[in-house]
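The primary structure of each chain is shown beneath.
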Amino acid sequence: IIHIEDKWHQAEIVRKAVPEAVPDTIILPQARDRQHMMTTLQARFPKGFIIKKRTGTSRGKGIILDEQLAGSAKKGVKIGDSKGATSVADKDLRELMKNPGDYIVQERLKLDAEFRVHVIDGKVVPGATSWRYGPRSAGGMEARRAAEALAARVSKSTPGYRKALF
């Protein structure tokens, strides 16, 4: 189950099956300090990035935006469980630097909406797709159907992976 939950493995599975469907994703590289981490990540992700734990994050908890790492986030931006934080706390930064392999970094994308598509035994569950983020009007039912079609395409492209899990 952990393998399924691991965002690094998820990104790799989708990237191999449908490369255009996943943002550039790497495991957080080792860094000496905040500035070294920023310089390294800005070079790889010039349009911005997000850092998140490989497992266990939900509802946006534990997500760090590029401007929060730089200490320049606008007031009110949520970082982990700390509402309104404008920078990464020292203890959080120490955690990132101590255990970089526990985190992924992804290219920051401008999304209108995000969906959760449920797939069981390689088949999209009709009617079970839900909006995660963004206005429900963002793309409407057409966007929802597109998300379901993409999930079906990924699932069909990875049958060996599903069998290996069970």
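So, here is what we can say about the structure in this document. What you see is a predicted model, and the numbers here were worked out from it, not measured in a lab.

### A closer look at the sheet that holds strand β1 (residues 25–27)
Pairing is antiparallel in the open sheet, where four strands are placed in the order β1-β4-β2-β3. Two strands bound the open sheet, and with one partner strand each, they are β1 and β3 (64–65). Where β1 lies against strand β4 (residues 103–107), three bridges are found, and the strand directions are antiparallel. Looking at β4, one finds that Ile26 is bridged to Val105. Against the sheet, helix α2 (residues 7–17) contacts β1, β2 (49–53) and β4, and its axis sits at roughly 140 degrees relative to β1.

### Considering the packing of aromatic side chains
Applying the stated criterion across every chain yields a total of one aromatic pair. With centroids separated by 6.4 Å and ring planes inclined at 50 degrees, the aromatic side chains of Phe45 and Phe49 adopt a geometry described as tilted. Of the residues examined, Phe45 reaches a relative accessible area of 3% and is grouped as buried.

### Examining the side chain of Asp6
Note that Asp6 resides in the loop between α1 (2–5) and α2. Setting aside residues up to four positions removed in sequence, Asp6 forms contacts with Arg54 and Thr55.

### Notes on the pairing of β4
When you tally the buried positions in β4, you get four out of five residues, the bulk of the element. Judged from the five bridges that link them, β2 and β4 form a sheet pairing that is antiparallel. In the strand pairing of β4, Lys53 is matched with Tyr103.

### Section: the pairing of β2
Counting buried positions along β2 gives four out of five residues, so the element sits mostly inside the fold. Sheet topology note: the β2/β3 ladder contains two bridges and is antiparallel. Bridge pairing in β3 links Ile51 to Ile64.

### Some details on the nonpolar core
Among the nonpolar cores identified, the biggest contains 17 residues, and Met37, Leu41, Ile51 and Leu69 are the most heavily contacted of them. At the level of secondary structure, the elements contributing two or more residues to this core comprise α3 (34–44), β2, α5 (90–98) and β4. Once residues within four sequence positions are removed from consideration, Leu41 is found in contact with Ile26, Leu28, Pro29, Phe49, Ile51, Leu69 and Val105.

### Looking at the pattern of salt bridges
Tallied over the entire structure, the rule returns six salt bridges. One salt bridge in this structure joins Arg54 and Asp6, with 2.8 Å as the shortest N-O distance. Of this pair, Arg54 sits in the loop between β2 and β3 while Asp6 sits in the loop between α1 and α2, and the two are 48 residues apart along the sequence. When its relative accessible area of 8% is taken as the criterion, Asp6 is described as buried. Between Asp66 and Arg108 there is a salt bridge; the shortest N-O distance is 2.7 Å. With Asp66 in helix α4 (residues 66–70) and Arg108 in the loop between β4 and β5 (114–116), this residue pair connects regions lying 42 residues apart in the sequence. Judged by relative accessible area, which is 13%, Asp66 ranks as buried.

Definitions and limits used
- Residues numbered from 1 in each chain as written.
- Predicted model: local features only at pLDDT ≥ 70, side-chain atom pairs only at ≥ 80, totals over all residues.
- Heavy atoms only, no water.
- Pairing = 2+ DSSP bridges.
- Helix = DSSP H or I, 4+ residues; strand = E, 2+ residues; numbered from the N terminus.
- Contact = heavy atoms within 4.5 Å.
- Axes fitted to C-alpha atoms, helices over the stretch in contact; angles between N-to-C directions.
- Phe/Tyr/Trp six-rings, centres within 6.5 Å; stacked < 30°, edge-to-face > 60°.
- Buried < 20%, exposed > 50% of the residue type's maximum accessible area, 1.4 Å probe, protein only.
- Core = buried A, V, L, I, M, F, W, Y, C linked by side-chain atoms within 4.5 Å.
- Salt bridge = Lys/Arg side-chain N within 4 Å of Asp/Glu carboxyl O.

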